[in-house]
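Architecture at a glance
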Amino acid sequence: MALSEIASRGLVLLGCGKMGSALLEGWLARGIPPGAFTVLDPAPGPRLEVLSGEGLNLNGELPARPAVALLAVKPQMMGAALPRLAALGNGDTLFLSIAAGTPIATLEAALGARTPIVRAMPNTPAAIGRGITALIGNSRVDAGRMALAEALMQAVGPTVTLESEHQMDAVTAVSGSGPAYVFLMIEALSDAAEAEGLPADLARRLARATVTGAAALADAAPEEPGQLRVNVTSPGGTTAAALEVLMHEEAGLGPLLREAVNAAARRSRELAR
């Protein structure tokens, strides 16, 4: 299956909030026409109204046999929203879910055990095309359908495939929740700069540019992050003095992040139950 099948058979998008909108814009940018999409959303924004004038089916009848139904509603809304798509279950429509904390077994119970389902975990940098998505499919998902799911999610960034659904909790804790950790790093670095006497506006500009610039360098450079850290650390210098605190064996950033990621993964498992 290829993206061309979306154009011919259609895609149903259940929910079009921030992530659903980012995906829709990515697909449109790849040349899929608005008429290929059926969007079900109780409070459509102005952009969807514009696209409906260009052929997008907004809150109308479902296509008889769409290639994909993408579930982009919040997990707590899934129970109320899924019945509208239940008739597409147990067929050849691929269900692609980006609802955090909703296991494949829950979707199979609602849609039918013969339904091909891929569970995906994107993250918020998808809004600027810099997300990353992890995917795992049930036994009904063949190589072609997985390739289609990957192609759809690559509209907002690279993808990785998992070996087991159990790994999704760790993915949620690292890349799903991870942007918040980075935003906190920017806040904390800015606060520390203010504490050393810099004006608030300058502190924020320096902190944001430093974190985003270092991240871009880590993404572009051939060296591993550990080597990049070594490259900027002169023995006995200012960076070494700071890293002595941050790399403390018990109270440093490493142990703290391990504890934080573990807490997020535990919560992900609790929500799935």
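Residues numbered from 1 in each chain as written. Predicted model: local features only at pLDDT ≥ 70, side-chain atom pairs only at ≥ 80, totals over all residues. Heavy atoms only, no water.

Let's talk about the overall build of the protein chain
Counting its regular elements, the protein chain contains 12 helices and 8 strands. Over its C-alpha atoms, taken along the principal directions, the protein chain stretches across nearly 70 × 40 × 35 Å. Within the span of the protein chain, comprising 273 residues, buried residues form 39% of the whole. Within the protein chain, counting contacts between residues at least 6 apart in sequence, those at least 24 apart form 60% of the total. Accessible surface computed for the protein chain: about 14,700 Å², of which carbon and sulfur atoms make up 58%. (Helix = DSSP H or I, 4+ residues; strand = E, 2+ residues; numbered from the N terminus. Buried < 20%, exposed > 50% of the residue type's maximum accessible area, 1.4 Å probe, protein only. Contact = heavy atoms within 4.5 Å. Areas by Shrake-Rupley, 256 points an atom, 1.4 Å probe, with all protein chains shown as cover.)

Details of the pattern of salt bridges
Under the defined criterion, the tally for this structure stands at 8 salt bridges. Salt-bridge contacts for R130 lead to D219; the nearest nitrogen and oxygen are separated by 3.2 Å. Of this pair, R130 sits in the loop between strand 6 (117-121) and strand 7 (133-137) while D219 sits in helix 9 (residues 200-220), and the two are 89 residues apart along the sequence. D219 shares its class with R130; the two are exposed. In this structure, E270 and R267 form a salt bridge, with 3.1 Å as the shortest nitrogen-oxygen distance. Placement of the pair is E270 and R267 together in helix 12 (residues 253-272), with a separation of 3 residues, close to one helical turn. Among the charged side chains, a salt-bridge network with shared partners connects E5, R9, R65 and D92. (Salt bridge = Lys/Arg side-chain N within 4 Å of Asp/Glu carboxyl O.)

Digging into the nonpolar core
Counting 36 residues, the largest nonpolar core has I6, L24, W27, F37, V68 and L96 as its most contacted members. Elements represented by at least two residues in this core include exactly strand 1 (11-14), helix 2 (18-29), strand 2 (37-40), helix 3 (46-52), strand 4 (68-71), strand 5 (94-97), strand 6 and helix 6 (143-153). Once residues lying within four places of it in the same chain are set aside, the contact partners of W27 are L11, I32, F37, L70, L152 and A155. A69, L71, L111 and V171 belong to the second-largest nonpolar core, a separate cluster that totals 23 residues. (Core = buried A, V, L, I, M, F, W, Y, C linked by side-chain atoms within 4.5 Å.)

Focus: the sheet that holds strand 7
The 8 strands lie next to each other as 3-2-1-4-5-6-7-8, forming an open sheet whose pairing is mixed. Each end of this open sheet is capped by a strand with a single partner; those strands are strand 3 (57-58) and strand 8 (159-161). Where strand 5 and strand 6 come together, 3 bridges link them in parallel fashion. The partner of L96 across the bridge, within strand 6, is V118. (Pairing = 2+ DSSP bridges.)

Let's talk about a nonpolar patch on the surface
Where nonpolar side chains cluster on the molecular surface, the patch consists of L246, M247, L253, L256 and L257 and spans about 450 Å² of accessible area. Take the nonpolar patch: its biggest share by element is 3 residues, from helix 12. Within the fold, L257 resides in helix 12. Residue class for L257 comes out partly exposed when judged on its relative accessible area of 38%. (Patch = residues over 30% accessible without salt bridge, like charges linked within 9 Å, V, L, I, M, F, W, Y side chains within 5 Å.)

Looking at the layout of surface pockets
Considering only enclosed or pocket space, the second largest pocket measures out at about 840 Å³ in volume. Around the second largest pocket, the lining comprises 32 residues; the ones closest to its centre are M19, A72, V73, K74 and I98. Only helix 2, helix 4 (75-81) and helix 8 (178-195) provide two or more residues apiece to the lining of the second largest pocket. Broken down by element, the residue count for the lining of the second largest pocket peaks at 4 residues, all from helix 2. Looking at the lining of the second largest pocket residue by residue, the class counts come to 21 nonpolar, 7 polar and 4 charged. (1 Å grid on protein atoms, 1.4 Å probe; cavity = no way out; pocket = protein on both sides within 12 Å on 5 of 7 lines; lining within 4 Å. Points joined across faces, edges and corners; volume = space filled by probe spheres on them. Nonpolar A, V, L, I, M, F, W, Y, C, P; charged D, E, K, R; others polar.)

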